[in-house]
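Summary of the model geometry
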Amino acid sequence: MLSIGDLSRQTGVKIPTIRYYEQIGLIEAAERSEGNQRRYTCEEKDRLSFIRHARDLGLTLEAIRKLIDLSQHPERPCVDADRIAVEQLKAVRSKIEKLRRLETELERIATHCHGDQVKDCYVIHALAHHELCESEH
């Protein structure tokens with residue numbers, strides 16, 4: 001059995017987050033010791049590691065909840081798990097594209113400034129006047 005501190009250290013998940021996951025039902029409520037300390041099993045540690053990895057990949061708590069449910073039924077087809085992963089991949093690609101547009105615009109703004117004083121600063125003017133941007137971002 002692991003204390004909440006040991007569980008946190010072994011999984012890299014902060015204690016308040018562990019409590020939150022317990023509260024919303026992503027992990028089972030921990031057994032309590034005689035001193036009322038939470039005690040976790042290796043299975044709960046594995047579940048928390050699963051959640052942490054999924055969060056690192058940017059999955060929502062709702063998607064994680066669905067994946068946990070799917071993992072409890074190993075005989076079911078994995079099409080739903082695949083769909084969740086593909087949706088996340090699309091979301092990540094969309095974010096990357098937006099970040100590329102932001103990078104391009106920021107680079108343009110940062111290198112366009114040739115003023116010596118703030119009153120002539122292109123960065124300040126571009127931020128104050130969105131129409132100076134070359135593209136939507």
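Here, every reference points to the structure presented above.
Residues numbered from 1 in each chain as written. Predicted model: local features only at pLDDT ≥ 70, side-chain atom pairs only at ≥ 80, totals over all residues. Heavy atoms only, no water.

1. Things to note about the overall build of the protein chain
Applied cut-off: Under the DSSP-based scheme used, a helix requires at least four consecutive residues in state H or I and a strand at least two consecutive residues in state E, with every element numbered from the N terminus. For the radius of gyration, the atoms used are the C-alpha atoms, and the globule rule reads 2.2 Å times the number of residues raised to 0.38. Note on classification: 1.4 Å probe, protein chains only; a residue is buried when its accessible area is under 20% of the maximum for its type, exposed when over 50%, partly exposed between these limits. Whether two residues are in contact is decided by their heavy atoms: any pair within 4.5 Å suffices.
Regarding its fold elements, the protein chain presents six helices and two strands. Relative to the globule expectation of 14 Å for 137 residues, the C-alpha radius of gyration of the protein chain, 23 Å, shows a markedly less compact shape. A total of 137 residues make up the protein chain; the buried ones form 26% of that total. The long-range share in the protein chain, meaning contacts at least 24 apart out of those at least 6 apart in sequence, stands at 47%.

2. Some remarks on unusual backbone geometry
In the Ramachandran plot, Asn36 falls in the positive-phi region, its phi being about 65 degrees despite a non-glycine side chain. When you line up the elements, Asn36 lands in the loop between strand S1 (31-32) and strand S2 (38-39).

3. Here we look at the packing of helix H3 (residues 42-56) against helix H4 (residues 61-71)
Rule in force here: For helices, the fitted axis covers only the stretch in contact; all axes are lines through C-alpha atoms, and the angles between them, taken along N-to-C directions, range from 0 to 180 degrees. Angles are sorted into four bins: roughly parallel if under 35 degrees, roughly antiparallel if over 145, roughly perpendicular if 65 to 115, and oblique for all others. Each helix crossing is assigned a hand: it is left-handed if the near helix lies turned anticlockwise from the far helix by less than a right angle, otherwise right-handed if that turn is clockwise. Residues are grouped as follows: Ala, Val, Leu, Ile, Met, Phe, Trp, Tyr, Cys and Pro are nonpolar; Asp, Glu, Lys and Arg are charged; all remaining types, including Gly, are polar.
Remark: H3 packs on H4, axes separated minimally by 10 Å, with the N-to-C direction vectors making an angle of 135 degrees. The angle between H3 and H4 places the two elements in the oblique class. Relative to H4, H3 is oriented so that their crossing is right-handed. Where H3 approaches H4, its residues Arg47, Phe50, Ile51, Ala54 and Arg55 are matched on the opposing element by Leu61, Ile64, Leu67 and Ile68. Across the contact of H3 with H4, the residue classes tally to seven nonpolar, no polar and two charged.

4. Section: the pattern of salt bridges
Condition: Only one rule defines a salt bridge in this text: a Lys or Arg side-chain nitrogen within 4 Å of an Asp or Glu carboxyl oxygen.
All told, the structure shown has eight salt bridges when counted by the stated rule. Across the pair Glu87 and Arg83 runs a salt bridge whose closest N-O atoms are separated by 3.1 Å. Taken together, the positions of Glu87 and Arg83, both in helix H5 (residues 79-112) and four residues apart, correspond to about one turn of that helix. For Arg83, a relative accessible area of 37% gives the class partly exposed.

5. Brief notes about the nonpolar core
Applied cut-off: Here, the term nonpolar core denotes a set of buried Ala, Val, Leu, Ile, Met, Phe, Trp, Tyr and Cys residues that are joined through side-chain atoms within 4.5 Å.
Among the nonpolar cores identified, the biggest contains 20 residues, and Ile18, Tyr21, Tyr40, Ile51, Leu59 and Ile64 are the most heavily contacted of them. Contributions of two or more residues to this core are made by helix H1 (4-11), helix H2 (15-23), H3 and H4. Of the residues forming this core, the biggest block, five residues, is contributed by H4. Each residue touching Ile51, except ones within four places of it in the same chain, is listed here: Tyr21, Leu26, Ile27, Ile64 and Ile68.

6. Quick notes on the side chain of Arg108
Take Arg108: it is sitting in helix H5. For Arg108, the residues in contact, after removing those within four places along its chain, are Tyr122, Leu132, Cys133 and Glu134.

7. With respect to the environment of Arg38
Operational definition: Pairing of N or O atoms within 3.5 Å defines a polar contact, subject to two protein rules: one partner must be a possible hydrogen donor and the other a possible acceptor, and residues neighboring in sequence count only if both atoms are side-chain atoms.
Counting through the fold element by element, Arg38 comes out in strand S2. Residue Arg38 is classed as buried on the basis of its relative accessible area, which comes to 19%. Separated by 37 residues in sequence, Arg38 and Met1 have C-alpha atoms that sit 9.3 Å apart. Aside from chain neighbours lying at most four places away, what touches Arg38 is Leu2, Ser3, Ile4, Arg19, Glu22, Ala30, Glu31 and Arg32. A distance of 3.3 Å separates a polar atom in the side chain of Arg38 from a polar atom in the side chain of Glu22. A polar atom in the side chain of Arg38 sits 3.5 Å from the side chain of Tyr40.

8. Quick look at H1
Definition in use: What the arc covers is the set of directions going from the helix axis to the C-beta atoms.
Here H1 has its buried residues at Ile4, Gly5, Leu7, Ser8 and Thr11. The buried residues of H1 all sit within an arc of 165 degrees when viewed along its axis, so they share a single face. Of the surrounding elements, those touching the buried residues of H1 are H2, S2 and H3. Phi for Gly12, located one or two positions after H1, is positive at around 80 degrees.

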